[in-house]
Amino acid sequence: VGQLSVDAYMSHFDERTEEEKRRQANRQVDDDGFELVTYKRKSRDLGPEKSAEPERKKKKKELTDFYKFQVRDKRREELASLRKRFDADKNRVAEMKHQRKFKPY
């Protein structure tokens, strides 16, 4: 039992040292002797269902509200629409109360 755990530890140690050697080999040093720092983006495992689909180009969306005045106009129109719907609902509730068919609970 002891020999198995020692063998497992040694194989794990060997893997770590090999990985460290690979890292040392990949280091880039500039003319002054400083190590250049580079970032590698880690790839994610997308799985078989994601990689089977062909990649599609994303469609460019049109910017509807590019200028600030367009944003303000759109917000103003949305508020006007909400006020109009609120008044219509208020009138409908008043009409239902008048007809005595309004039962809120």
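Values in this document were obtained by computation on a predicted structure and should not be read as measured data. (Residues numbered from 1 in each chain as written. Predicted model: local features only at pLDDT ≥ 70, side-chain atom pairs only at ≥ 80, totals over all residues. Heavy atoms only, no water.)

**A short note on the overall build of the protein**
- What the protein contains, in helices and strands, is three helices and two strands.
- Sorting the 105 residues of the protein into buried and exposed places 1% on the buried side. (Helix = DSSP H or I, 4+ residues; strand = E, 2+ residues; numbered from the N terminus. Buried < 20%, exposed > 50% of the residue type's maximum accessible area, 1.4 Å probe, protein only.)

**Here's the deal with a nonpolar patch on the surface**
- A cluster of nonpolar residues, Val6, Tyr9, Met10 and Phe13, forms a patch on the protein surface that exposes about 380 Å² of accessible area.
- Relative to the helices and strands, Met10 is located in helix α1 (residues 2–26). (Patch = residues over 30% accessible without salt bridge, like charges linked within 9 Å, V, L, I, M, F, W, Y side chains within 5 Å. Areas by Shrake-Rupley, 256 points an atom, 1.4 Å probe, with all protein chains shown as cover. Salt bridge = Lys/Arg side-chain N within 4 Å of Asp/Glu carboxyl O.)

**Comments concerning the packing of aromatic side chains**
- Scanning all chains against the criterion turns up two aromatic pairs.
- Judged by centre distance (4.9 Å) and plane angle (90°), the rings of Phe66 and Tyr67 are edge-to-face.
- Residue classification places Tyr67 among the partly exposed residues on the basis of a relative accessible area of 47%.
- Relative to Phe69, the ring of Tyr67 has its centre 5.9 Å away and its plane inclined at 15°; by these criteria the two rings are stacked.
- Chaining the aromatic ring pairs together yields one cluster made of Phe66, Tyr67 and Phe69. (Phe/Tyr/Trp six-rings, centres within 6.5 Å; stacked < 30°, edge-to-face > 60°.)

**Regarding the pattern of salt bridges**
- Following the criterion strictly, the structure yields five salt bridges and no others.
- With a closest N to O distance of 4.0 Å, Glu20 and Arg23 form a salt bridge. With Glu20 and Arg23 both in helix α1 and three residues apart, this pair spans about one turn of that helix.
- Asp89 is the salt-bridge partner of Arg92, the closest N and O atoms lying 3.3 Å from each other. Of this pair, Arg92 and Asp89 are both found in helix α3 (residues 68–99), three residues apart, which corresponds to roughly one turn of the helix.
- On the accessibility criterion, Asp89 (38% relative accessible area) is partly exposed.

**Considerations on the confidence of the model for the protein**
- Per-chain confidence: the protein averages 83 in pLDDT, with 85% of residues scoring 70 or above.
- Here helix α2 (residues 47–51) stands out as the least confident element of the protein, with mean pLDDT 57; α3 is the most confident, with 94. (pLDDT = per-residue confidence, 0-100.)

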